[in-house]
Structure formats: structure tokens, C-alpha cells
Amino acid sequence: MTKEFFKFLFDNNFDSLRNYLYYRSGNKELATDIAQDCFLKLWEKQPGGDEVAIRKLLYKMGHDIFISRYRHSRVEKEFAFKQNFSNETSRSPEDELNYSELKKKYQQVLNEMPENWRVVFLMSRTEELKNREIAERLGLSVKAVEKRMSKALRMLKDALMAEETNPG
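Residues numbered from 1 in each chain as written. Predicted model: local features only at pLDDT ≥ 70, side-chain atom pairs only at ≥ 80, totals over all residues. Heavy atoms only, no water.

Asker: Please clarify how the overall build of the chain should be interpreted in this entry.
Answerer: The helix and strand inventory of the chain stands at seven helices and zero strands. Each helix and strand of the chain, ordered N terminal to C terminal, gives the series α-α-α-α-α-α-α. At 21 Å, the chain has a C-alpha radius of gyration far larger than the 15 Å of a compact globule built from 168 residues. Seen through its C-alpha atoms, the chain measures out along the principal axes to roughly 65 × 35 × 25 Å. A buried classification covers 24% of the 168 residues belonging to the chain. With the model as given, the accessible surface of the chain reaches about 11,600 Å², and the carbon-plus-sulfur share is 52%. (Helix = DSSP H or I, 4+ residues; strand = E, 2+ residues; numbered from the N terminus. Rg over C-alpha atoms; globule rule 2.2 N^0.38 Å. Buried < 20%, exposed > 50% of the residue type's maximum accessible area, 1.4 Å probe, protein only. Areas by Shrake-Rupley, 256 points an atom, 1.4 Å probe, with all protein chains shown as cover.)

Structure (C-alpha cells):
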């Protein structure tokens, strides 16, 4: 791959790749970092092929790097959560069991939740974003974010209340 061809690929594809990653992540800096990483890897690998094949490769690399970073951030958050939980006062075995069951049910409900509800809910709860900020990142109206959040909270409440009334 020549420098000229690489520059041509960069000039013609960087913005669209970054936009794609921004839509996936909602974070402009992260999207820019991942897009830059993709082009760095492209230069290091020096793959053959025409522009279309290389563009597909760039998007695939971007997707893979995004997923990898997302999974890593979830592991970090889980670790921080466990650290905070273990630093609190000691709990009885019954409290530990109740917490474990509640956490399991919470994860199950999150996994069953429609993706668009889950994304809004997690952006609000884990990133502590306001509805307006979530709307800006996702390109939605504030009302749409409020509706998705309301539905997600209702689903969580209904599932957890059902668990409370039918404990086993």
C-alpha cells in the first residue's frame, strides 16, 4: 500500500468511519480514537485489495475495536461495583444471598429488555447522563428518551415486584 493510496483512503473514509462509531458509542472522542486506531492497524497490516474491500475491512475493525472496548469498560465497572460493595459493612449470609438473587434478576431483566430501552437506561444509570444528553447522543427527542426510560423502569419494576411476591 502506497502512502498516496493510504492518504486517499484516510481522506475519503475517516469521517464516515468516525460517524459510524459515534452513532454506535455516543462518544465523539471514543469514536475518533477508534477510527484512528483502525487506520493505524490498516497501515501496519498493509492489506491488499481494492478500495471497497479495504473500506469493509475498516468498518469491521472499527466494530471489533468498539465491542472490545465496550466489554472492557463493563468489566471495569463490574470490578469497581464489587470493590464498592465489598468495602461496605459486612453482611449476613442471608443479605448476601438476597443481594445475589436480586442482582441476577436485574441482569436477566436487562438482557431481556429491548436494546433501545436498555441503551437509554444504562446511559442514564451508569454514565449518569441527563435525558437531554442522552437524546443528543442518540439523535432522539427528549420525549422519546423519556418514553424509553419509563418503559425500561416499568419493566424492571414489574419483574422485581413479581419476584418479591413469588420468591420461589
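Continuing now.
Asker: Explain the packing of aromatic side chains here, please?
Answerer: The geometry of an aromatic ring pair is captured by two quantities: the separation of the ring centres and the angle between the planes. Per the counting criterion, the structure on display carries ten aromatic pairs. Here a set of aromatic residues connected by ring pairs shows up, and it is made of F6, F10, F14, F39 and W43. In this structure, K28 is placed above the aromatic ring of Y22, and the distance from its NZ or CZ to the ring centre is 5.7 Å. (Phe/Tyr/Trp six-rings, centres within 6.5 Å; stacked < 30°, edge-to-face > 60°. Lys NZ or Arg CZ within 6 Å of the ring centre and 35° of its normal.)

Asker: Can you walk me through the side chain of N13 in this structure?
Answerer: Mapped onto the fold, N13 is located in helix α1 (residues 3-25). Overall, N13 belongs to the buried group, its relative accessible area being 1%. Looking at N13, its side chain comes within polar contact range of the main-chain oxygen of L9, at 2.9 Å. Among residues more than four places away in sequence, those in contact with N13 are F39, E51, R55 and L58. (Polar contact = N/O pair within 3.5 Å; in protein donor to acceptor, adjacent residues only side chain to side chain. Contact = heavy atoms within 4.5 Å.)

Asker: Would you mind going over α1 with me for this structure?
Answerer: Since the α-helix packs 3.6 residues into each turn, any two residues three or four apart lie on the same face. Its axis deflected by about 45° at N13, α1 carries its strongest bend there. Along α1, the positions that sit buried rather than exposed are F6, L9, N13, F14, L17, L21 and S25. Where α1 terminates, the next one or two residues include G26, which has phi positive at roughly 75°. (Bend = angle between axes of the 7 residues up to and from the residue.)

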